[in-house]
Amino acid sequence: MANESADVRKLFIFTTTQNYFGLMSELSDQPPLSNCLEINDFLDDGNQMLLRVQRSDAGISFSNTVEFGDTKDKVLVFFKLRPEVITDENLHDNILVSSMLESPISSLYQAVRQVFAPVLLKDQEWSRNFDPKLQSLLSELEAGLGIVLRRSDTNLSKLKFKEDDTRGILTPSDEFQFWIEQAHRGNKQISKARASYFKDLFETVAREFYNLDSLSLLEVVDLVETTRDVVDDVWRQTEHDHYPESRMLHLLDIIGGSFGRFVQKKLGTLNLWEDPYYLVKESLKAGISICEQWVLVCNHLTGQVWQRYVPHPWKNEKYFPETLDKLGKRLEEVLAVRTIHEKLLYFLPASEEKIICLSQVFEPFTGLNPVQYNPYTEPLWKAAVSQYEKIIAPAEQKIAGKLKNYISEIQDSPQQLLQAFLKYKELVKRPTISKELMLERETLLARLVDSVKDFRLDFENRCRGTPGDASGPLSGKNLSEVVNNIVWVRQLELKVDDTIKIAEALLSDLSGFRCFYRSAEDLLDQLKLYEQEQFDDWSRDIQSGLSDSRSGLCIEASSRIMELDSNDGSLKVHYSDRLVILLREVRQLSALGFVIPAKIQQVANIAQKFCKQAIILKQVAHFYNSIDQQMIQSQRPMMLQSALAFEQIIKNSKTGSGGKSQITWDNPKELEGYIQKLQNAAERLATENRKLRKWHTTFCEKVVVLMNIDLLRQQQRWKDGLQELRTGLATVEAQCPLAWQSKWEGPEDPLQYLRGLVARALAIQNWVDKAEKQALLSETLDLSELFHPDTFLNALRQETARAVGRSVDSLKFVASWKGRLQEAKLQIKISGLLLEGCNFDGNRLSENQHDSPSVSSVLPCFMGWIPQDACGPYSPDECISLPVYTSAERDRVVTNIDVPCGGNQDQWIQCGAALFLKNQ
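Quick caveat: nothing in here was measured; it's all calculated off a predicted structure.

### Some points on the overall build of the chain
Link 1 in the chain: Check the secondary structure of the chain and you find 31 helices and 19 strands.
Link 2 in the chain: Out of the 920 residues in the chain, the part that is buried amounts to 43%.
Link 3 in the chain: Considering only contacts within the chain whose residues lie at least 6 apart along the sequence, 67% involve residues at least 24 apart.
Link 4 in the chain: Split by element, the accessible area of the chain, about 49800 Å² in all, is 51% carbon and sulfur.

This is how it looks when you write it as structure tokens:
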């Protein structure tokens, strides 16, 4: 190629081609290229603007055009800025070099996206001079190319959709945008409904990934967990055709790539060697957590959960994001270097040696970005770490003794000893320090051996007990027995596993380590066996219950949803609580990694299908069965109509035009309508009950306030309170039955009652004044002025008994219209009595005439208590004992008095003769 090398222009083309295609001797093995017509035309002809170089099995070929078929292989293109002949002077000013991979669409899209759009749209100088309309067109071009790339197999002459083609999906946002576009457009392969379903699922995390760089490390730690739930939901969905496995594999990979690049970018803003340790530590821990969590997510989903998911099993090997895993391990190494340095500083004296150590310790890492992990940087990193270890070796030797003294002081306390080793584990791992702490590490191993024995003893003592008992497994909240036992033993497994990890990290070179390891592994096997036995016993019990109709685990889709119990009248839903527990158990056991037997999973799927409706129906049933307890007894008649309407809906749970068939679980449309009717009726009843209870409480409070008002001094306050009470009563008057209103002591009209209350209160004050003047018994009294006239008469009886020196039981009550009672020591003159059923003129009873009033006044009389053996004012043969009531309703008796009737008592009984006090 001597001739070619003499031509600088051709040398430029040959060298660029050789470097791009990675050629060593291929060009020299080909025929001389100095006479290649295509090259000569490109260099020497100003009108020839392009030179295409392509490598195939036949070798290197040149052309002055680019054909569609050229995109099968990598293509290198030289093209001119200006239509000029290429010379030595304009060689580097007039030739542009571009490559083309996969397809022209992909190459153009990436060039616009990665190179030209950022420069022209984001750079302040260029964007200021770039026409806004052209900026918009450039953005539209980028978006349009992305759409075409995401939905096309661009290697075909006609753009055809292939869902497994993910070459245009470079970031998670590309994947989310893909389903947005498909939901908008749709095609034969993907329905709009299916694409919209996936779009909705991805929306949970789409915004976070789009703005990923603006999030903090801790926010992305949370995002990992959220993303796990989203991809799990996408994979497990059964509403539409399954998500393709190859596409999911690609999605997991690009999500891991996004997380990795995010961590590198965030940590790249820190000076990991000079920034404060606490800041570097927290940032590195968050970065490590992001890497580790996503690696665990991929392993768990593709290696366990999805492989066992029968409706859509993962068929390939589990996916392991190797690059992200290695990045996480690199970050752990960086953190270990900084942590060792901090621990060394803690033990080193503040001397010149310390200053020298600080200035030299991180020199090996100068010029090396530790977060940029790749196979090319790994040897450089290892060499830097090796040099770093040589630098800190003298310091390690100095502090080994100090650390030994520190640990020896606390080795009698197992917990403190373990904490000390964990605190300084990075130092303990160092060979020099590890050798110096041999005895202390032997002591720690003995403590770990004892811990394993304690774990074993605790397990053996509790494993056969009942959760929550002193001799049973520790109990958690909202966990059934099988799940509780498995969670408990998993916690023990974690403790044993942590013990093993500590020993492996710090004690693996000790002679007793192998024996400890075998004992711990044996205990782990025992715990795992118990865990599996618990699951197997549960599976057998459930499968046995599935064949027993009384177990509550059977649900027929064609069965009635609910009915009234003929024995106690309670409403029962045909969806047992055991089914609800089964659903929770299946969900929790699946999350714990167990494969649910197909028969149980099938029942759980059916139960899950109706779970939402069943829960609503159970709430309605509970409301129906307990509403009587929520009602105030006196208000039940007021709610009778609403209660009957609610019960009628329950009894008439029929469907169809004729209402002949019962509503069943497998009729979702009618079921939803029926549930809505039930909920509406229940809500009406509950609302009415709440309203009446509220009014009841309000009335009680207002009456209590009225009872505490001084009617003489606070009349306006009384009137205001009365008006409020009257307004409230008017609100519920239409619903308020007489039975409820009669609970008021007095007339059915509350206003009349309140008037009587005022009158009585004023009269009582008058009685008090007379009593204070010793003139009460000398005045004519009206018993209707008292709230409790029977109490007053009983007090008169007691006072008479004291006056005559006899017991109260030896006295009898008498009345006289003839004049004062000669036999009574104390007596009162009473007026205001009314008579119903006949007339009385003061001498004897007489029948009513046709024009007589139904109620007539009775002349005042004297009343008092006399001895039982004394003769009264009237002969018993010519009297009748009539009751004296507090009101014409005859609902409360004050006393009974003998009234002269001239004989023939039956006549007056038949006419309903009775006395009562006048109304106030």
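Read on, since the account is not over.
### Focus: the packing of helix 22 (residues 513-545) against helix 23 (residues 577-591)
Link 1 in the chain: Their axes nearest at 13 Å, the elements helix 22 and helix 23 cross at an angle of 145 degrees. The way helix 22 lies across helix 23 gives a crossing that is left-handed. Contacts from Phe 535, Trp 538 and Ile 542 in helix 22 reach Arg 578, Leu 582, Glu 585, Val 586 and Leu 589 in helix 23.
Link 2 in the chain: Of the residues belonging to the contact of helix 22 with helix 23, the class tally is 6 nonpolar, no polar and 2 charged.

### Examining the pairing of strand 19 (residues 914-917)
Link 1 in the chain: Burial along strand 19 is two-sided: the residues Ala 914 and Phe 916 and Leu 915 and Leu 917 are all buried.
Link 2 in the chain: Alignment of strand 17 (residues 879-885) against strand 19, held across 2 bridges, turns out to be parallel. By the bridge assignment, Val 884 is partnered in strand 19 with Leu 915.

### As for the sheet that holds strand 1 (residues 50-56)
Link 1 in the chain: In spatial order, the strands read 2-1-3-4; together these 4 strands make up an open sheet with antiparallel pairing. Whereas interior strands pair on both sides, the edge strands pair on one side only; in this sheet they are strand 2 (59-63) and strand 4 (95-100). In this sheet, neighbouring strand axes are inclined to one another by 20 degrees on average, regardless of whether the strands run parallel or antiparallel.
Link 2 in the chain: Bridge analysis of strand 3 (residues 75-80) against strand 4 gives 6 bridges, and the strand direction is antiparallel.

### So, the packing of helix 12 (residues 245-268) against helix 13 (residues 277-305)
Link 1 in the chain: Here helix 12 crosses helix 13 at 175 degrees, and the two axes come no closer than 10 Å. By the angle between their directions, the pair helix 12 and helix 13 is classed as roughly antiparallel. Residues Leu 252, Ile 255, Gly 256, Phe 259, Phe 262, Val 263 and Leu 267 of helix 12 form the contact with helix 13, whose participating residues are Ser 283, Leu 284, Gly 287, Ile 290, Trp 294, Cys 298 and Thr 302.
Link 2 in the chain: A per-class count over the contact of helix 12 with helix 13 returns 10 nonpolar, 4 polar and no charged.

### Details of the environment of Tyr 109
Link 1 in the chain: Assignment of secondary structure puts Tyr 109 in helix 6 (residues 104-122).
Link 2 in the chain: Tyr 109 sits in the buried class, given a relative accessible area of 4%.
Link 3 in the chain: Between the alpha carbons of Tyr 109 and Gly 146 there is a distance of 6.7 Å; along the sequence they are 37 residues apart.

### Quick word on the side chain of Gln 534
Link 1 in the chain: Within the secondary structure, Gln 534 sits in helix 22.
Link 2 in the chain: When near neighbours in sequence (up to four residues on either side) are disregarded, Gln 534 contacts Val 482, Asn 485 and Ile 486.

### Section: the pattern of salt bridges
Link 1 in the chain: Using the criterion set out here, one finds 28 salt bridges in the structure.
Link 2 in the chain: The structure contains a network of salt bridges with shared partners spanning Arg 228, Asp 229, Asp 232 and Arg 236.

### A few points about the sheet that holds strand 17
Hydrogen bonds between backbone atoms are what pair the strands of a sheet, whose relative direction is either parallel or antiparallel.
Link 1 in the chain: Spatially, 5 strands are ordered 15-12-19-17-18 in an open sheet, and the strand pairing comes out mixed. The sheet is open, and its two borders are formed by strand 15 (855-857) and strand 18 (893-900), each paired with just one other strand. Shown here is a sheet whose adjacent strand axes are inclined to one another by a mean of 30 degrees, direction ignored.
Link 2 in the chain: Judged from the 4 bridges that link them, strand 12 (residues 833-836) and strand 19 form a sheet pairing that is antiparallel. Pairing of Leu 835 across the sheet is with Leu 915, part of strand 19.

### Topic: the packing of aromatic side chains
Aromatic rings in a pair are described by how distant their centres are and how their planes are angled relative to each other.
Link 1 in the chain: Applying the stated criterion across every chain yields a total of 33 aromatic pairs.
Link 2 in the chain: When the ring of Phe 176 is compared with that of Phe 209, the centres are 5.9 Å apart and the planes differ by 65 degrees; the resulting orientation is edge-to-face. Here Phe 176, found in helix 9 (residues 172-185), pairs with Phe 209, found in helix 10 (residues 192-210); they are 33 residues apart in sequence, far enough to count as distant. For the pair formed by Phe 176 and Phe 209, the shared burial category is buried.
Link 3 in the chain: One aromatic cluster is present, built from ring pairs that chain together Phe 176, Phe 178, Trp 179, Tyr 197, Phe 198, Phe 202, Phe 209, Tyr 243, Phe 259 and Trp 294.

### Focus on unusual backbone geometry
Link 1 in the chain: Positioned with a positive phi, Gln 774 is a non-glycine residue whose angle comes to about 60 degrees.
Link 2 in the chain: Structurally, Gln 774 can be placed in the loop between helix 29 (750-772) and strand 9 (780-782).
Link 3 in the chain: With a phi close to 55 degrees, Arg 890 is a non-glycine residue in the positive phi region.
Link 4 in the chain: As for its placement among the helices and strands, Arg 890 is situated in the loop between strand 17 and strand 18.

### Thoughts on helix 24 (residues 598-630)
Link 1 in the chain: The end-to-end C-alpha separation of helix 24 is 44 Å, in line with the 48 Å expected for 33 residues at 1.5 Å each.
Link 2 in the chain: In helix 24, a bend of some 55 degrees at Cys 611 exceeds every other bend along the element.

### Overview of helix 16 (residues 378-408)
Link 1 in the chain: A rise of 1.5 Å per residue sets the reference length of helix 16, with its 31 residues, at 45 Å; its end C-alpha atoms lie only 39 Å apart and thus fall more than 12% short of the reference.
Link 2 in the chain: Along its length, helix 16 shows its largest kink, about 40 degrees, at Ile 392, and proline Pro 394 lies within four residues downstream of that point.
Link 3 in the chain: If you check which residues of helix 16 are buried, you get Glu 378, Trp 381, Ala 384, Val 385, Tyr 388, Ile 392, Ala 395, Glu 396, Ile 399, Ala 400, Leu 403 and Ile 407.
Link 4 in the chain: The elements touched by buried residues of helix 16 are helix 14 (322-347), helix 17 (414-423), helix 18 (425-428), helix 19 (431-436) and helix 20 (438-462).

Rules of the game
- Residues numbered from 1 in each chain as written.
- Predicted model: local features only at pLDDT ≥ 70, side-chain atom pairs only at ≥ 80, totals over all residues.
- Heavy atoms only, no water.
- Helix = DSSP H or I, 4+ residues; strand = E, 2+ residues; numbered from the N terminus.
- Buried < 20%, exposed > 50% of the residue type's maximum accessible area, 1.4 Å probe, protein only.
- Contact = heavy atoms within 4.5 Å.
- Areas by Shrake-Rupley, 256 points an atom, 1.4 Å probe, with all protein chains shown as cover.
- Axes fitted to C-alpha atoms, helices over the stretch in contact; angles between N-to-C directions.
- Left-handed = near helix turned anticlockwise from the far one by under 90°.
- Nonpolar A, V, L, I, M, F, W, Y, C, P; charged D, E, K, R; others polar.
- Pairing = 2+ DSSP bridges.
- Parallel < 35°, antiparallel > 145°, perpendicular 65-115°, else oblique.
- Salt bridge = Lys/Arg side-chain N within 4 Å of Asp/Glu carboxyl O.
- Phe/Tyr/Trp six-rings, centres within 6.5 Å; stacked < 30°, edge-to-face > 60°.
- Expected span 1.5 Å × (residues − 1).
- Bend = angle between axes of the 7 residues up to and from the residue.

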